[in-house]
Amino acid sequence: MGGTKVALDRQRIVAEAVALLDAEGLDGVTTRKLAARLGVQSPTLYWHLPNKAALVTAIADAILDQEFTDRSPPGPDQHWQDWLGDLAQRLRRALLAHPDGARVISAAQLSRAMAAISELAMSTLVARGVSLGQARVIVLTVERFTVGHVLEEQAPRPDAEALKGFDLAAFTEQHPTVVAAITDYFQPGRTVDDLFRDCLDVVIAGAASKAAAR
């Protein structure tokens, strides 16, 4: 085939790996498929990314960097609780932007980008008077809540075959409060984005209350 051969570097490999993630999800990201997309043999990739774990971490860094081009602390008049909530929403957007984004972040080992986000969040809370220990617990709780929430959002939904044996009437009779609460919450105009923010507010408010009491 004609054309100019493009040099293979780590940046190009990771970009193609993200494209493979978008096309096939995390389970479809293999060194064999990635090498085929790049037109090279699998061993060639190991010069840049020695194993699958390194590849997944590189993908995690890439999808976080896409959203977190700006890592600024809050302004002087902004409450850290509001700022931390906004940060969590940005993290959720980053994960939802790619299939299995939350699984990628969960599987990443020593993610540079995730560490930078944690550093920014913890240092911001410490600068606002939160103790170092409490800052770590608060940030870790918010991060894990966000990733866990997106893991559930991105989990496969029951297919038609699985739903064949589901009796909605019986389920409603057995769990009336659960069904009523779902129906009550999702009034017209209210979305899963609202649900995430409302749950997040509970998490942060509780953490802030505990931090203030110490």
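Report follows, based on the coordinates. The shown structure was predicted, so the numbers you read here are calculated from the model rather than taken from an experiment.

Attention now goes to unusual backbone geometry. We note that Asp100 has phi near 60°; this positive angle belongs to a residue other than glycine. If you trace the backbone, Asp100 turns up in the loop between helix H5 (80-96) and helix H6 (101-107). For Leu110, which is not glycine, the phi torsion reads 55° and is therefore positive. Among the secondary structure elements, Leu110 is positioned in the loop between H6 and helix H7 (112-127). For Leu110, a relative accessible area of 85% puts it in the exposed group.

Contact pair helix H4 (residues 52-67) / H5: the axes reach a minimum separation of 9 Å and the direction vectors enclose 125°. In this view, H4 runs oblique relative to H5, as classed from their interaxial angle. Here H4 runs over H5; the crossing is right-handed. In contact with Ile63, Leu64 and Glu67 of H4, H5 contributes Arg90, Leu91, Arg93 and Ala94.

Given two aromatic rings, their pairing is described by the distance between the two centres and the angle made by the two planes. Taken as a whole and judged by the stated rule, the model has three aromatic pairs. Ring geometry for Phe145 and Phe196: centres 5.7 Å apart, planes at 15°, overall stacked. Linking Phe145 in helix H8 (residues 132-154) with Phe196 in helix H12 (residues 192-213), this pair joins segments that are 51 residues apart in sequence. Judged by centre distance (5.5 Å) and plane angle (50°), the rings of Phe166 and Phe171 are tilted.

This paragraph deals with the side chain of Thr124. Within the secondary structure, Thr124 is located in helix H7. In contact with Thr124, other than residues within four places in its own chain, are Pro73, Pro74 and Trp83.

A contiguous nonpolar patch, built from Val178, Ile182, Phe186 and Val192 and spanning about 340 Å² of accessible area, is present on the exposed surface. Here Phe186 shows up in the loop between helix H11 (176-185) and H12. Since its relative accessible area comes to 35%, Phe186 is described here as partly exposed.

Let us now look at the environment of Phe68. With respect to the helices and strands, Phe68 occurs in the loop between H4 and H5. The class for Phe68 is buried, based on a relative accessible area of 3%. Distance from Phe68 to Asp184, taken between C-alpha atoms, is 35 Å for residues 116 residues apart in sequence.

Moving on to the nonpolar core. Within the largest apolar cluster, 53 residues are counted, with the highest numbers of intra-cluster contacts made by Ile59, Leu64 and Leu84. For this core, the secondary structure elements donating two or more residues are helix H1 (10-24), helix H2 (31-38), H4, H5, H6, H7, H8 and H12.

The next point concerns the environment of Gln134. Relative to the elements of secondary structure, Gln134 occurs in helix H8. For the pair Gln134 and Glu152, spaced 18 residues apart in the sequence, the C-alpha separation amounts to 27 Å.

Counted under the stated rule, the structure contains twelve salt bridges. Linking Glu67 and Arg93 is a salt bridge whose minimum nitrogen-to-oxygen distance equals 3.2 Å. In this pair, Glu67 is assigned in helix H4 and Arg93 in helix H5, connecting sequence segments 26 residues apart. Here Arg93 falls in the partly exposed class, since its relative accessible area comes to 45%. The residue Asp86 makes a salt bridge to Arg197 at a minimum N-O spacing of 3.5 Å. Taken as a pair, Asp86 in helix H5 and Arg197 in helix H12 lie far apart in primary sequence, 111 residues in all. Classification of Asp86 as partly exposed rests on a relative accessible area of 35%. In the salt-bridge network here, residues are joined through shared partners; they are Asp27, Asp100 and Arg103.

Criteria and cut-off values
Residues numbered from 1 in each chain as written. Predicted model: local features only at pLDDT ≥ 70, side-chain atom pairs only at ≥ 80, totals over all residues. Heavy atoms only, no water. Helix = DSSP H or I, 4+ residues; strand = E, 2+ residues; numbered from the N terminus. Buried < 20%, exposed > 50% of the residue type's maximum accessible area, 1.4 Å probe, protein only. Axes fitted to C-alpha atoms, helices over the stretch in contact; angles between N-to-C directions. Parallel < 35°, antiparallel > 145°, perpendicular 65-115°, else oblique. Left-handed = near helix turned anticlockwise from the far one by under 90°. Contact = heavy atoms within 4.5 Å. Phe/Tyr/Trp six-rings, centres within 6.5 Å; stacked < 30°, edge-to-face > 60°. Patch = residues over 30% accessible without salt bridge, like charges linked within 9 Å, V, L, I, M, F, W, Y side chains within 5 Å. Areas by Shrake-Rupley, 256 points an atom, 1.4 Å probe, with all protein chains shown as cover. Salt bridge = Lys/Arg side-chain N within 4 Å of Asp/Glu carboxyl O. Core = buried A, V, L, I, M, F, W, Y, C linked by side-chain atoms within 4.5 Å.

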